Amino acid sequence: PALRARLAAHKGYPSNFAGWDRLADAVRARQSQLPPGARLLADNFKIGAELGFLLDDPGIAVLDHPLNHHHGRAPQLALWGLQWSLPADAAQPPLLLVLGATDVQYRDLLARYHAVCRQLGPLPPPQVLNVDHGRQRFLLFSIPQRSAAERAQPCATPAMAWIDAPEPRATVGNRFMVQGWAFKDGAGLERIEILLDGRPIADADYGLPSPGTAAYWKISNDPNHPAVGFRAQVQLPEATADGMRWLGLRLHGRDGSVEDWAEQPLRIEAGVPNR
């Protein structure tokens, strides 16, 4: 596990073999809080298979997902009766949805979130499980029982973000600038914290102009567009030890959600000029 965590920022990271035990533990904890009749629902066949093995549950339903079709699993799921489907006018039972935020390319992630909204309706604030600094990332949603009309209500997706500076594996001094963009469709963000090794070190100035973000994510409906940029000046204590650290974000949504974003490596060297 320690070697795997160090590989989180490299192409050799073994994503197919990472995080399943932690995910199963998180799912068990959430299942103990679910109402009677609740169903466990996997985002794709891979999550369904891994959880089925670790939870000894061969009946986990799976959403329609590009990964299922790419690997030829969609016909299997349909044959086994594990493809999730619900008549348009039917009530939806309470669900625990386990979504893999790193199972599609980042450029396709927002479209995936919108597809899940169309299938299940509004998404509550997620529990975020970041494995190995977020290289493997899961979102858990406890969705209450809903009528067809309730499923048709507007949906808030998980947040999206990007750090433009500093770049991954950059070397900085004790004072440096962090800037980028972040948004949350259907709800919007109200503030962003900068994290170092999982601990808050600065509050970002959020709501700066970033028109290129909406231009790229054409389907985005965050009400804050185009003011979704952020910037923060970080000042670390002079006694901060040199070495490799992990830079992250904590995204606070207007819907009450709190989501820790994936981290990126950053080298601290006291002798580097401040920026």
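Caption draft 1: Spotlight on the sheet that holds strand 1 (residues 39-42). With mixed pairing, the 5 strands of this open sheet are ordered in space as 2-1-3-5-4. With one partner strand each, in any of the chains shown, strand 2 (61-62) and strand 4 (127-131) form the two edges of the open sheet. The pairing of strand 1 with strand 2 spans 2 bridges and is classified as parallel. Paired with Leu 41 across the strands is Ala 61, a residue of strand 2. The strands that helix 6 (residues 106-120) touches are strand 1, strand 3 (95-100) and strand 5 (136-143); relative to strand 3, the one it contacts most, it runs at about 160°.

Caption draft 2: Expanded view of the side chain of Glu 193. Structurally, Glu 193 is set in strand 9 (residues 189-196). No salt bridge forms around the buried Glu 193; measuring N to O, its nearest opposite-charge neighbour Arg 191 is 4.1 Å away. Here the side chain of Glu 193 touches His 252 through a polar contact of 2.7 Å, side chain to side chain. When neighbours within four sequence positions are excluded, Glu 193 is seen to be in contact with Pro 200, Ala 202, Asp 203, Gly 248, Leu 249, Arg 250 and His 252.

Caption draft 3: Highlighting the pairing of strand 8 (residues 175-183). Sheet topology places strand 6 (residues 160-165) next to strand 8; 5 bridges connect them, and they run antiparallel. Looking at the pairing, Ala 161 lines up with Ala 182 of strand 8. For strand 8 and strand 12 (residues 229-235), the ladder comprises 7 bridges, and the chain directions are antiparallel. Bridge pairing in strand 12 links Arg 175 to Gln 235.

Caption draft 4: Focus on the side chain of Arg 250. Considering the arrangement of structural elements, one finds Arg 250 in strand 13 (residues 243-253). Within the local environment of Arg 250, its side chain forms a polar contact with the side chain of Asp 260, the two groups lying 2.7 Å apart. Apart from the residues within four sequence positions on either side, Arg 250 is in contact with Arg 191, Ile 192, Glu 193, Leu 195, Gly 198, Pro 200, Val 258, Glu 259 and Asp 260.

Caption draft 5: Representation of the packing of aromatic side chains in the model. Scanning the model with the defined rule gives 8 aromatic pairs in all. Seen from their ring centres, Trp 20 and Phe 138 are 5.5 Å apart, and the 50° between their planes marks the pair as tilted. Residue Trp 20 is located in helix 2 (residues 20-31), and its partner Phe 138 is located in strand 5; the two are separated by 118 residues in the primary sequence. Comparing Trp 20 with Phe 138 shows no difference in burial state: the two are buried.

Caption draft 6: Spatial organisation of the layout of surface pockets. Of the voids in this model, the largest pocket is the one considered here, and its volume is about 1,200 Å³. As for the largest pocket, its lining consists of 40 residues, and the residues nearest its centre are Thr 102, Tyr 106, Arg 135, Trp 162 and Ala 262. Sorting the residues of the lining of the largest pocket by element identifies helix 4 (66-70), helix 6, strand 5, strand 6 and strand 15 (264-268) as the ones contributing at least two each. Among the elements that make up the lining of the largest pocket, the one with the highest residue count is helix 6 (6 residues). Grouping the amino acids of the lining of the largest pocket by side-chain chemistry returns 19 nonpolar, 10 polar and 11 charged. A volume near 180 Å³ is recorded for the second largest pocket. Forming the boundary of the second largest pocket are 14 residues, of which Phe 45, Gly 48, Ala 49, Trp 80 and Leu 82 lie nearest the centre. For the lining of the second largest pocket, the secondary-structure elements that each account for two or more residues are helix 3 (45-54) and helix 5 (74-80). At 4 residues, the largest contribution of residues to the lining of the second largest pocket is made by helix 3.

Caption draft 7: Geometry of the pattern of salt bridges. In the structure shown here, the tally under the stated rule is 10 salt bridges. The partner of Arg 112 in a salt bridge is Asp 43, and the shortest N-O contact between them spans 2.7 Å. Of the two residues, Arg 112 sits in helix 6 while Asp 43 sits in the loop between strand 1 and helix 3, which places them 69 residues apart along the sequence. Considered together, Arg 112 and Asp 43 belong to a single accessibility category, that of buried residues. As a salt-bridge pair, Asp 260 and Arg 250 come within 2.7 Å of each other at their nearest N and O atoms. Placement of the pair is Asp 260 in strand 14 (residues 258-260) and Arg 250 in strand 13, with a sequence separation of 10 residues. It is possible to trace a salt-bridge network through shared partners that takes in Lys 184, Asp 255 and Glu 259.

Caption draft 8: Structural context of unusual backbone geometry. The omega torsion across Ala 165 and Pro 166 is 0°, close enough to zero to call that bond cis. Its location among the elements puts Pro 166 in the loop between strand 6 and strand 7 (170-172). A cis geometry characterises the amide bond from His 225 onward to Pro 226, with omega recorded as 5°. Along the chain, Pro 226 turns up in the loop between helix 8 (211-216) and strand 12. Unusually for a residue other than glycine, His 133 sits at a positive phi of about 65°. Residue placement: His 133 occurs in the loop between strand 4 and strand 5. Phi at Asp 197 is positive, roughly 55°, even though this residue is not glycine. Turning to its location among the elements, Asp 197 is positioned in the loop between strand 9 and strand 10 (199-203).

Quick notes on the rules
- Residues numbered from 1 in each chain as written.
- Predicted model: local features only at pLDDT ≥ 70, side-chain atom pairs only at ≥ 80, totals over all residues.
- Heavy atoms only, no water.
- Pairing = 2+ DSSP bridges.
- Helix = DSSP H or I, 4+ residues; strand = E, 2+ residues; numbered from the N terminus.
- Contact = heavy atoms within 4.5 Å.
- Axes fitted to C-alpha atoms, helices over the stretch in contact; angles between N-to-C directions.
- Buried < 20%, exposed > 50% of the residue type's maximum accessible area, 1.4 Å probe, protein only.
- Lys, Arg positive; Asp, Glu negative; His and termini not counted.
- Salt bridge = Lys/Arg side-chain N within 4 Å of Asp/Glu carboxyl O.
- Polar contact = N/O pair within 3.5 Å; in protein donor to acceptor, adjacent residues only side chain to side chain.
- Phe/Tyr/Trp six-rings, centres within 6.5 Å; stacked < 30°, edge-to-face > 60°.
- 1 Å grid on protein atoms, 1.4 Å probe; cavity = no way out; pocket = protein on both sides within 12 Å on 5 of 7 lines; lining within 4 Å.
- Points joined across faces, edges and corners; volume = space filled by probe spheres on them.
- Nonpolar A, V, L, I, M, F, W, Y, C, P; charged D, E, K, R; others polar.

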